[in-house]
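Reading the structure
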There are 2 protein chains.
Amino acid sequence: MRADARRNYEKLVEQARIAFTEFGVDAPLDEISRRAGVASGTLYRHFPTRLDLIEAVLAGQIAELVNLGRGLLTAEDASAALSRWLRAALAHALTYRGLAAAVMNSALDQDNDRASTWHAQMFEVGAALLARARRSGAVGADADPADVLKMVGAIAWAVQDAPDGSTQADRMLTLLMNGLHAPHRSDSRPEE
Amino acid sequence: MRADARRNYEKLVEQARIAFTEFGVDAPLDEISRRAGVASGTLYRHFPTRLDLIEAVLAGQIAELVNLGRGLLTAEDASAALSRWLRAALAHALTYRGLAAAVMNSALDQDNDRASTWHAQMFEVGAALLARARRSGAVGADADPADVLKMVGAIAWAVQDAPDGSTQADRMLTLLMNGLHAPHRSDSRPEE
DNA sequence: AACGGTACCGGACTATTCCTCCGGCTGGCA
DNA sequence: TGCCAGCCGGAGGAATAGTCCGGTACCGTT
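Quick caveat: nothing in here was measured; it's all calculated off a predicted structure.

Criteria and cut-off values
- Residues numbered from 1 in each chain as written.
- Chains lettered and ligands numbered in written order.
- Predicted model: local features only at pLDDT ≥ 70, side-chain atom pairs only at ≥ 80, totals over all residues.
- Helix = DSSP H or I, 4+ residues; strand = E, 2+ residues; numbered from the N terminus.
- Buried ≥ 20, exposed ≤ 12 C-beta atoms within 10 Å, placed from the backbone.
- Contact = placed C-beta atoms within 7 Å.
- Near = placed C-beta within 6 Å.
- Nonpolar A, V, L, I, M, F, W, Y, C, P; charged D, E, K, R; others polar.
- Expected span 1.5 Å × (residues − 1).
- Arc of directions from axis to C-beta.
- Core = buried A, V, L, I, M, F, W, Y, C linked by C-beta atoms within 7 Å.
- Axes fitted to C-alpha atoms, helices over the stretch in contact; angles between N-to-C directions.
- Parallel < 35°, antiparallel > 145°, perpendicular 65-115°, else oblique.

Looking only at helices and strands, chain A features eight helices and zero strands. From first element to last, N terminus to C terminus, chain A shows the α and β order α-α-α-α-α-α-α-α. The buried share of chain A, reckoned over its 192 residues, is 43%. For chain A, long-range pairs separated by at least 24 residues make up 66% of all intrachain contacts whose partners lie at least 6 apart in sequence.

Structural data, given as structure tokens:
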């Protein structure tokens, strides 16, 4: 990549980060390019879709999350490790007003090639942590890892506009953890 | 309301229902008015905001949900009643590609005056069912009714674009119910 | 250091959608 | 039948997404 192209790339990501914080997911792309001091054509060259730009902004954060998860894979208490990592994932999903949640969710949907390898790694780590917790006997429910990660993203979405968002998110995640710990009860479902 | 005004109102709601099913929440309003055979000014006269139109579409369905809940308040098994009603609420939240979930969620956020009395009734019924299940001893967690309803909406949002959406939603709701039934464990949370 | 080609940049332009405004007309009532 | 409040229509301004191509700057080679 040429030196000028790299400069513009970095300026765009930086301004996108700011704009997403300020306006949320739907920040006008033209505004971002304007602030970065480049034309909109340049923005679309580097980031054909909005999602591409979003992922560039989140890349670093996701890498941290993956590293944290890998470290926790050797932690003493498998259940606490899972809980800790899910909380970190929730914090991640809450950044930029639920932006990360939207990406996480769309990445989990189809085997979307556009949804970068970062999310694949994240899913892998989450699945490993969940499997380990299950083997240790702390998690009884036969939950699908994708379900659990989706729930985390869903919680982030649900509280994104609430005034006391993070408090509420915390309670909801506790509810989810409870569901994981409890033995699976299929009888709780009505037979319609 | 004048006869012509009423006719147009009804045509708009009908076409909005179709358009929301087809395009999702973001269906172009101009397209709706075009299909209804009225001008866009007329649409905006009846429904100043998109939310107003959405609520008009959902009104009947919400009323049914409230009635179902009221009936279930006298059911034998309080826990099963709650479970049954939450499943109905989930089905409601899934309609029109997660549109209902978005409305439900925003209605629960702040004491939003714009969010109609419909949703207030829904919240009331849900809270009553939850309280009754708790008194019966079946629900141990001290969950906030708003949290529970938000989770239902969140699940609907999370699966809205997934191919096997309703299956996944089902599993996730079971997870939630498990969390409600389990005794509350504050120890599942790491002390950071 | 000069040069040529590669590929990047700019920004005007089209398309889409939201929403407003106001002249003209129509339905309901006396 | 006649009046008029209030409704209707549709043009149009504003914001945003995304495209296109002429001009230009960078990089590698000589």
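Here the narrative resumes.
Looking now at the protein's contact with DNA strand D. Around DNA strand D, the structure places 20 residues, and the nearest of them are Ala3(A), Gly41(A), Val38(B), Ala39(B) and Gly41(B). It is helix α3 (residues 40–46) of chain B that provides the largest number of residues to the surface near DNA strand D, a total of four residues. For the surface near DNA strand D, the residue count by class is seven nonpolar, six polar and seven charged.

Before going further, it helps to examine helix α6 (residues 117–135) of chain A. All names here are of chain A. Taking 1.5 Å of rise per residue, 19 residues should cover 27 Å, and α6 covers 27 Å from first to last C-alpha, within 8% of that figure. Listed in full, the buried residues belonging to α6 are His119, Met122, Val125, Gly126, Leu129, Leu130 and Ala133. In an axial view of α6, the angular spread of the buried residues amounts to 130°, which keeps them on one side of the axis. Those residues of α6 that are exposed and aimed more than 90 degrees away from the buried face are Thr117 and Arg135. Following α6 by one or two positions, glycine 137 has its phi on the positive side, about 90°.

Counting residues in each nonpolar core, the largest one holds 113 residues, and the members touching the most others are Ile155(A) and Ile155(B). Apart from the residues within four sequence positions on either side, Ile155(B) is in contact with Ala154(A), Leu90(B), Ala169(B), Met172(B) and Leu173(B).

It is worth spelling out the protein's contact with DNA strand C at this point. What surrounds DNA strand C is a group of 20 residues, the closest being Val38(A), Ala39(A), Gly41(A), Ala3(B) and Gly41(B). Secondary-structure elements contributing two or more residues to the surface near DNA strand C are α1 (3–23) and α3 (40–46) of chain A together with α1 (3–23), α2 (29–36) and α3 of chain B. Per-element accounting of the surface near DNA strand C gives the leading share, four residues, to α3(A). Residues belonging to the surface near DNA strand C are distributed by class as follows: seven nonpolar, six polar and seven charged.

Turning our eyes to something else, we now look at the packing of helix α8 (residues 165–181) of chain A against helix α8 (residues 165–181) of chain B. At a minimum axis separation of 7 Å, α8(A) and α8(B) run at an interaxial angle of 90°. Our classification of the angle between α8(A) and α8(B) gives roughly perpendicular. Contacts from Leu175(A), Leu176(A), Asn178(A) and Gly179(A) of α8(A) reach α8(B) at Leu175(B), Leu176(B), Asn178(B) and Gly179(B). Considered class by class, the residues forming the contact of α8(A) with α8(B) number four nonpolar, four polar and no charged.

Turning next to the packing of helix α5 (residues 78–109) of chain B against helix α7 (residues 145–159) of chain B. Residue and element names in this part refer to chain B. The N-to-C vectors of α5 and α7 enclose an angle of 100°; their axes lie 7 Å apart at closest approach. For the element pair α5 / α7, the angle class is roughly perpendicular. Residues Leu86, Ala89, Leu90, Ala93, Leu94, Gly98, Ala101, Ala102, Met104, Asn105 and Leu108 of α5 touch α7, and the partners they reach there are Ala146, Leu149, Lys150, Val152, Gly153, Ile155, Ala156 and Trp157. Here the contact of α5 with α7 is built from residues that sort into 15 nonpolar, three polar and one charged.

Our focus in this paragraph is the environment of Leu58(A). Residue and element names in this part refer to chain A. Mapping leucine 58 onto the fold places it in helix α4 (residues 50–72). Placed 41 residues apart in sequence, leucine 58 and arginine 17 show a C-alpha to C-alpha distance of 8.6 Å. If we skip the residues at most four places from it in the chain, leucine 58 touches Ala100 and Val103.

Quick look at the environment of Ala101(B) now. Residues and elements named next belong to chain B. You can see alanine 101 is positioned in helix α5. Residue alanine 101 is classed as buried on the basis of its C-beta count, with 30 C-beta atoms lying within 10 Å. For the pair alanine 101 and arginine 70, spaced 31 residues apart in sequence, the C-alpha separation works out to 21 Å. Beyond its immediate sequence surroundings of up to four residues, alanine 101 is in contact with Ala93, Gly153, Ala156 and Trp157.

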